[in-house]
Every structure is written in structure tokens, then in C-alpha cells.
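Take a look at the letters that make up each chain.
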Amino acid sequence: MSNELNLDYSLLTPEFCLGGLAALILALDLFAPRFRKEWLPYLTAAGLVAILVLSLGWVNKESDFAGLIFIDNYTTFFRVFFIASTAVVALASAHYVQARLSNPGEYYALLVLSTIGAIYMAASRELLTAYISLELLSFCLYVLVSFSTSDRRSHEGGLKYMLLGAFASALLLYGISFIYGSSGSTFYDEIAAAYAGGTDGFELGLLMGLVLVLAGLGFKVAAVPFHMWTPDAYEGAPLPITAYLSATSKAAGFALLLRLFSGAFMPVRDDWQWMIAALAAITMVVGNLVALQQSNIKRLLAYSSIGQVGYMLMALAALSSASASALLLHLSGYVITNLAAFICIIAWYNLTDKEEIRGFRGMAERAPLLAAVLAAALFSLSGMPLFAGFFTKFILFQAVASEGFLWLAVIAVTMSFVSIYYYLMVIKEMYISEPEEPGRLQVPVLLSGLAVALVAGVFYVGIYPRHLLEVAEEATKLLFA
Amino acid sequence: MDAPVLAASVALEDVLIVGGALFAIGLYITLAKRNAVAVLMGIELMLNAVNLTLIAFSRFVDFSRFGEGTRPIDGHVFVIFVITVAAAEAAVMLALVVAVYRHRQTIDIDRINVLRG
């Protein structure tokens with residue numbers, strides 16, 4: 001690292017704007033009694049879209065802020081990714097928040113603030129910065145998960161999430177302290193340089209550091225055996241926040257893991273590769289098998305997302321430039337698909353108050369568009385051809401197998417077949433079972449429009465995956481430079 | 001300046017052992033206690049063990065490759081941030097505990113069990 005620090009604050013403009021947006025939302029909520037609260041989600045989404053356009057100005061640029069935060073294509077990719085998914089969640093929350101939650105201002109402000117944390121998790125190349133960003137995201141999520149005052153599951157889910165999350169942070173920090181002790185630095189490139197010079201004499205400290213860091217981050221992305229909080233937090237959280245948890249918080253965890261392991265721990269690859277491979281294998285198996293016996297749609301999607309984490313960890317175990325771009329591709333496909341599924345569930349829940357799987361009976365008759373989109377999303381999650389899930393999984397499994405982890409790819413394919421069963425259970429309820437009550441439901445234009453837009457994205461990624469893959473390759477190129 | 005005396009009598013290993021013991025105690029409390037506030041205290045203990053370890057490393061680790069006489073203060077800065085985050089964590093957690101208590105009249109995490117884990 002050079003002694004001249006680059007303190008160019010303009011690099012961080014999108015995040016300053018996000019902070020400003022959050023402050024504006026809070027201020028409007030507090031000091032402008034004439035401002036109609038129903039407009040908050042639209043204001044949030046409009047602000048986010050403007051910031052998204054702004055952050056496109058950094059495409060193909062490369063710079064760093066004091067060596068702590070790197071603004072390159074990888075960061076830009078995740079900036080766009082996180083801001084877009086937050087905007088979708090904000091819009092999807094509009095009806096839900098108005099009907100069921102108090103204090104909408106805080107809700108949207110926390111949503112926007114958590115996006116800053118997520119972006120810096122992807123952007124930071126220093127352990128302290130990464131840790132602070134992780135906590136910024138986590139704290140916002142703790143509060144958001146326990147946001148509902150009427151649903152008693154919400155506080156309980158939030159408390160469990162927070163206890164386990166704080167515990168995981170302590171493990172992560174203890175791990176970081178050993179990484180710092182064994183390498184003498186908290187900067188990713190200096191850690192890599194220290195380890196490249198041989199690890200004799202601190203092999204034990206390094207191993208402890210790696211195990212603890214993996215355990216701590218494993219909690220955050222919900223890898224088995226650190227997944228206990230996931231189903232409870234997913235079930236307790238307000239529905240749009242469940243969608244947000246499954247999309248942004250997961251993607252941010254992987255953005256951090258990918259940058260950390262490719263940036264700092266590449267020289268000691270032999271020490272951690274088998275750990276992540278083992279984690280990936282049990283995560284896939286447990287996530288998909290436990291999903292089979294769920295009766296609540298939130299819990300079903302919680303376990304299905306744990307299964308998906310297994311696939312993504314696999315790419316991390318077989319870390320190469322091919323598997324990194326495959327990971328980004330799969331992550332984007334998964335988030336688009338999952339958001340589409342959750343928007344249908346939110347719309348259905350707004351109209352019927354049902355979130356049990358058998359509550360979806362006859363959805364095809366009562367809300368045909370929602371049922372079609374949800375079915376498409378579930379097919380995509382299970383990896384059917386034509387849908388996004390097929391190609392992203394195909395490219396991911398291929399990248400993993402070509403790195404010598406054929407056995408992991410075999411488990412992944414097997415578990416994908418298992419997953420078809422529980423996704424089909426939901427589709428069966430929607431299309432074959434008789435509805436409990438007759439009559440068409442009037443779905444708001446906003447939600448059906450969002451659902452259609454997202455499902456169009458699912459097909460786009462499924463049929464023309466090359467475009468997104470090229471973007472992902474561009475984004476990960478520098479990680480392995 | 002009594003630093004050289006200290007350095008001679010206390011080795012890195014000693015501090016690390018104390019830190020490890022603190023961390024283990026915190027871990028035990030976190031896993032064994034059923035009261036949410038006690039669990040929080042266990043977590044705080046773990047964070048303090050981390051602080052001790054970080055300080056020890058930044059005191060003892062060989063930084064000669066950064067140039068003669070320079071001593072990065074990463075470890076110390078890290079500790080400041082950990083303390084700050086721990087305080088924020090306690091604030092959010094206690095608020096949550098109060099909210100749960102209002103609903104259930106208990107903060108025993110075994111009895112807060114509408115969700116099935």
C-alpha cells in the first residue's frame with residue numbers, strides 16, 4: 001500500500017445519497033404532517049432508482065478510497081444489484097406496510113440504510129471496514145425483522161435472530177483477531193502477501209482464524225450447521241422483510257465472502273477449501289431435505305434458500321475466476337426469482353391473510369396471474385430448463401465440476417431433483433386443489449406489474465444467460481488479477 | 001516507561017491464554033444461560049476477549065516489514081470500533097428484550113417458543 005492515501009470522497013457519492021435519502025424519509029415522516037405516508041414507498045423507490053442510475057457512472061472505472069473501499073466493476077455490479085432489489089422490496093412493501101405496520105418512515109429509512117451496509121460489504125478490502133458494514137446491515141435487519149407490533153412471532157423471530165447474530169459476530173471477530181495476529185494486517189492484499197511468504201510458525205493461529213471467520217460468516221449467510229435462526233427469522237419477519245432477508249442479506253454475505261477469500265486467503269487455499277466443501281455438502285443436503293416437511297410457505301422458502309446457499313458455497317470451495325462469475329450469475333438469477341415468488345406471496349397474503357401452503361389452494365382460479373408467476377418462480381428455483389434457475393445452476397455446477405469437485409456437483413444435482421418435489425407441492429395446491437372460497441381476487445396493479453416484470457427477468461436470464469454472464473465475468477475479473 | 005519490563009515478564013502466549021479463557025467463559029454463558037440478558041452478557045464477555053486478543057497482537061506482532069520504527073495501530077483502532085459496536089448491540093438487544101417482555105412477561109428463551117426453531 002502506498003503512503004499517499006486517496007481520500008476522494010466523490011467515490012462514495014451513491015452511498016452519501018443513500019444516507020441522504022434515508023434522512024429525508026425520516027424527516028418527512030417526523031416533521032411533515034401534511035405529507036401522505038402512502039407516498040413513502042414510491043419516494044423511496046424513486047430515490048433508489050435515481051441513485052442506481054448515478055452509480056452506473058462508475059462502470060469500468062477503478063479506484064479505491066484509502067485502500068479500504070474499492071470502487072471497481074465488482075462494487076458497481078453489487079451497487080446496482082442491491083439498490084435495485086431494495087427498490088423492488090420497497091415497492092412490494094407499500095400495501096403491506098400501510099395495512100399492517102406502524103411507523104412507515106423508520107421502516108423505509110432502515111431499508112435504505114441497510115443497503116449501504118450491503119454495498120460496503122461488497123466493496124471493502126479491509127477487515128474492519130467489512131465488519132462494520134456487516135454490522136450496519138445486520139442491525140437494520142434485526143430491527144426490521146422485529147418490526148411488527150401486532151404479530152407476536154415478529155419479536156420472537158427478531159430476538160432469536162439478534163442473539164444468534166451477535167454470537168456469530170463475536171465468533172467472526174475472534175477469528176479476525178487471529179487473522180490479524182498471524183498476518184500482521186487487516187488489509188486483504190497485505191494478508192495475502194503475508195501468507196504467500198509461508199505460514200510456518202503460525203499455522204494454528206491461521207487455522208483457528210479461518211474456522212472462526214467461516215463460522216461467523218456461515219451464520220450470516222445461513223449455512224448448515226449455523227442456520228438455526230433462518231426459519232424463525234423468516235417466519236417471524238414481516239413478509240417483505242423475509243423477501244429482503246432472502247435476497248440482499250444473503251447476496252451481501254456472499255459478496256463479502258468472495259472478495260475476502262479471493263483477496264486475502266488465496267495463498268492458503270489448501271487450508272480452507274475442504275472446510276467450505278464440507279459446509280456446502282451438508283448445507284445442500286439438510287436444507288433441501290428439511291424443506292420437504294414444511295407446511296408454512298415462509299419456512300419452506302427459508303429452507304429452500306438454505307439449499308441454495310449450499311450451491312453457492314460450492315462455488316466458493318471451487319474458487320476460480322470461472323466459478324466466481326458463475327456464483328454472481330446464480331446469485332442474480334436466484335434473487336430475481338425469489339423476489340418474484342415473494343411478491344406473489346405478499347399479494348396473496350394481503351388479500352387472504354394466508355401463508356400456510358394449504359392456504360394456497362385454488363390460487364390459480366382466484367388469482368391466475370399470481371399463480372402463474374409463482375409457479376414460474378418455483379420452477380426456476382428447482383432448475384427447470386427455460387427458466388433462470390436451469391442455466392445459472394448449469395453454469396455453476398459445470399464450473400465447480402471442472403475445478404475437481406465433481407462429487408459436490410453430483411450431490412447438488414441430486415438435491416436439485418429432491419427440491420422439485422417440494423416446489424411441486426405448492427404448485428399442486430395452487431392448480432389442482434379446489435379453492436376454499438369462490439371468486440376472483442382483485443390484485444393491485446403495482447404488485448402484478450412488479451411480478452410480471454420480475455418473471456420477465458427470470459425468462460430473460462433463462463433464455464439469454466450470456467448477457468448477464470458477461471457482466472458477471474467483467475465484474476469478477478479484477479478479483480483474480 | 002515500564003513497557004520493556006512488561007514485555008520481558010508477559011509473553012504473547014500468556015495474554016492469548018487469558019483471552020481464550022475469557023472467550024470460553026463467554027461462549028459457555030451464551031450457550032448455557034436461558035435468560036436473554038444473561039446471554040447478552042456472555043456475548044459481551046466474548047467481545048472483550050476479542051479486544052484483549054487484538055491488543056495483545058498489536059503489541060507483540062513483528063511489524064518490521066512495514067519499515068523501521070513504524071507501528072501500524074490497526075489493532076487499537078479495531079478495538080475502539082468493537083467497543084462502539086458492542087454498545088450499539090446492547091442498545092438494540094435490550095430494546096428488543098423489553099419489547100418481548102411486554103408481549104410475553106418473560107425473557108426466558110426456552111419459553112419464547114411460538115416459532116419452532
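To start, this report covers the structure provided alongside it. (Residues numbered from 1 in each chain as written. Chains lettered and ligands numbered in written order. Predicted model: local features only at pLDDT ≥ 70, side-chain atom pairs only at ≥ 80, totals over all residues. Heavy atoms only, no water.)

**Focus: the overall build of chain A**
Step number 1: Helix and strand counts for chain A stand at 19 helices and two strands.
Step number 2: For 481 residues, the compact-globule estimate of 2.2 N^0.38 gives 23 Å, and chain A sits close to it at 21 Å.
Step number 3: For chain A, the C-alpha atoms occupy an extent of roughly 70 × 55 × 40 Å along the three principal directions.
Step number 4: A buried classification covers 66% of the 481 residues belonging to chain A. (Helix = DSSP H or I, 4+ residues; strand = E, 2+ residues; numbered from the N terminus. Rg over C-alpha atoms; globule rule 2.2 N^0.38 Å. Buried < 20%, exposed > 50% of the residue type's maximum accessible area, 1.4 Å probe, protein only.)

**Focus on the overall build of chain B**
Step number 1: Along chain B, the regular secondary structure elements total four helices and zero strands.
Step number 2: When burial is assessed residue by residue, chain B has 38% of its 117 residues classed as buried.

**So, the nonpolar core**
Across soluble globular proteins, nonpolar side chains have a tendency to be buried as a group.
Residue and element names in this part refer to chain A.
Step number 1: If you look at the biggest cluster of nonpolar residues, it comprises 225 residues, and the most contacted ones within it are F78 and F265.
Step number 2: Broken down by element, the residue count for this core peaks at 19 residues, all from helix α13 (residues 321–352).
Step number 3: The residues contacting F78, other than those within four sequence positions of it, are A122, A251, A255, L328 and L331. (Core = buried A, V, L, I, M, F, W, Y, C linked by side-chain atoms within 4.5 Å. Contact = heavy atoms within 4.5 Å.)

**Brief notes about the interface of chain B and chain A**
Step number 1: Facing 44 residues of chain B, the contacting portion of chain A comprises 44 residues.
Step number 2: Summed over both sides, the interface between chain B and chain A buries roughly 3900 Å², with carbon and sulfur atoms accounting for 74% of that surface.
Step number 3: Among the residues chain B hides against chain A, the three largest losses belong to B:F78, B:L96 and B:L115. Together they make up 18% of the total.
Step number 4: Seen at the junction of chain B and chain A, the total is one salt bridge.
Step number 5: In this structure, B:R104 and A:E156 form a salt bridge, with 3.2 Å as the shortest nitrogen-oxygen distance.
Step number 6: Summed over the shared surface of chain B and chain A, the number is four residue pairs in polar contact (both at pLDDT 80 or more).
Step number 7: Those elements that place two or more of their residues in the side of chain B that touches chain A are α2 (12–32), α3 (36–60) and α4 (74–104) of chain B.
Step number 8: Tallying contributions element by element places α4(B) first for the side of chain B that touches chain A, with 17 residues. (Buried area = accessible area lost by both parts, 1.4 Å probe. Salt bridge = Lys/Arg side-chain N within 4 Å of Asp/Glu carboxyl O. Polar contact = N/O pair within 3.5 Å; in protein donor to acceptor, adjacent residues only side chain to side chain.)

**Focus on the layout of surface pockets**
All names here are of chain A.
Step number 1: When its volume is computed, the largest pocket comes out at roughly 700 Å³.
Step number 2: Lining the largest pocket we find 28 residues, and of these F77, V80, F81, A84 and L468 sit closest to its centre.
Step number 3: If you list the elements that add at least two residues to the lining of the largest pocket, you get α2 (40–55), α3 (73–100), α13, α18 (445–463) and α19 (465–476).
Step number 4: Taken together, the residues that form the lining of the largest pocket break down as 20 nonpolar, seven polar and one charged. (1 Å grid on protein atoms, 1.4 Å probe; cavity = no way out; pocket = protein on both sides within 12 Å on 5 of 7 lines; lining within 4 Å. Points joined across faces, edges and corners; volume = space filled by probe spheres on them. Nonpolar A, V, L, I, M, F, W, Y, C, P; charged D, E, K, R; others polar.)

**Focus: the pattern of salt bridges**
Step number 1: One pass over the full model with this rule turns up 20 salt bridges over all chains.
Step number 2: Measuring nitrogen to oxygen at the nearest pair gives 3.1 Å for the salt bridge that ties A:R153 to A:E235. One end of the pair, A:R153, is in helix α6 (residues 152–183); the other, A:E235, is in helix α9 (residues 229–236), with 82 residues separating them in the sequence.
Step number 3: A:K160 is the salt-bridge partner of A:D232, the closest N and O atoms lying 3.3 Å from each other. Residue A:D232 is found in helix α9, and its partner A:K160 is found in helix α6; the two are separated by 72 residues along the sequence.
Step number 4: Residue classification places A:D232 among the buried residues on the basis of a relative accessible area of 2%.
Step number 5: Several salt bridges converge on common partners, so that one network encompasses A:D151, A:R153, A:E156, A:K160, A:D232, A:E235, A:K298, A:R299, A:E355 and B:R104.

**Describing empty space enclosed by the protein**
Residues and elements named next belong to chain A.
Step number 1: Under the counting rule described, the total for this entry stands at five cavities of 30 Å³ or more.
Step number 2: Computed from the structure, the largest cavity encloses a volume of approximately 110 Å³.
Step number 3: Taken together, 13 residues line the largest cavity, and the ones lying closest to its centre are S138, Y161, K220, W229 and S249.
Step number 4: Mapped onto the lining of the largest cavity, the elements with two or more residues apiece are α5 (127–145), α6 and α8 (203–221).
Step number 5: Of the residues assigned to the lining of the largest cavity, the class counts are nine nonpolar, three polar and one charged.
Step number 6: Space inside the second largest cavity adds up to approximately 70 Å³.
Step number 7: Lining of the second largest cavity is provided by L127, A130, Y131, L134, L172, I176, Y188, V213, L217, L256 and L260.
Step number 8: If you list the elements that add at least two residues to the lining of the second largest cavity, you get α5, α6, α8 and α10 (239–263).
Step number 9: Along the lines of polarity and charge, the residues of the lining of the second largest cavity split into 11 nonpolar, no polar and no charged.

**Let's talk about the side chain of A:Q308**
All names here are of chain A.
Step number 1: Within the secondary structure, Q308 is located in helix α12 (residues 297–317).
Step number 2: Overall, the relative accessible area of 2% leaves Q308 in the buried class.
Step number 3: Setting aside its immediate chain neighbours within four residues, Q308 contacts H330, Y334, L381 and Y423.

**Regarding a nonpolar patch on the surface**
Step number 1: Nonpolar side chains collect at one region of the surface, where A:L386, A:F459, A:Y460, A:I463 and A:Y464 lie side by side and expose about 500 Å² of accessible area between them.
Step number 2: Secondary-structure assignment places A:F459 in helix α18. (Patch = residues over 30% accessible without salt bridge, like charges linked within 9 Å, V, L, I, M, F, W, Y side chains within 5 Å. Areas by Shrake-Rupley, 256 points an atom, 1.4 Å probe, with all protein chains shown as cover.)

**Some remarks on α13(A)**
What sets the pattern is the α-helix's 3.6 residues per turn: residues three or four places apart point alike.
Residues and elements named next belong to chain A.
Step number 1: Given a rise of 1.5 Å per residue, 32 residues ought to cover 46 Å, and the 46 Å separating the end C-alpha atoms of α13 matches this to within 8%.
Step number 2: With respect to burial, α13 is a largely interior element, 27 of its 32 residues being buried.
Step number 3: The positive-phi residue at the C-terminal boundary of α13 is D353, with phi of around 65°. (Expected span 1.5 Å × (residues − 1).)

**Some thoughts on the packing of aromatic side chains**
The description of an aromatic ring pair rests on the distance of the ring centres and on the angle between the ring planes.
Residues and elements named next belong to chain A.
Step number 1: One pass over the structure, following the stated rule, counts 34 aromatic pairs over all chains.
Step number 2: With centroids separated by 5.6 Å and ring planes inclined at 75°, the aromatic side chains of Y107 and F147 adopt a geometry described as edge-to-face. In this pair, Y107 is assigned in helix α4 (residues 104–123) and F147 in the loop between α5 and α6, connecting sequence segments 40 residues apart.
Step number 3: What makes Y107 buried here is its relative accessible area of 0%.
Step number 4: Each ring, one from F219 and one from F226, has its centre 5.3 Å from the other, and the planes form 35°; the classification is tilted. Here F219 and F226 have matching classes, each one buried.
Step number 5: Of the aromatic side chains, those joined through ring pairs into one cluster are Y74, F77, F78, F81 and F82. (Phe/Tyr/Trp six-rings, centres within 6.5 Å; stacked < 30°, edge-to-face > 60°.)

Structural measurements only, silent on function.
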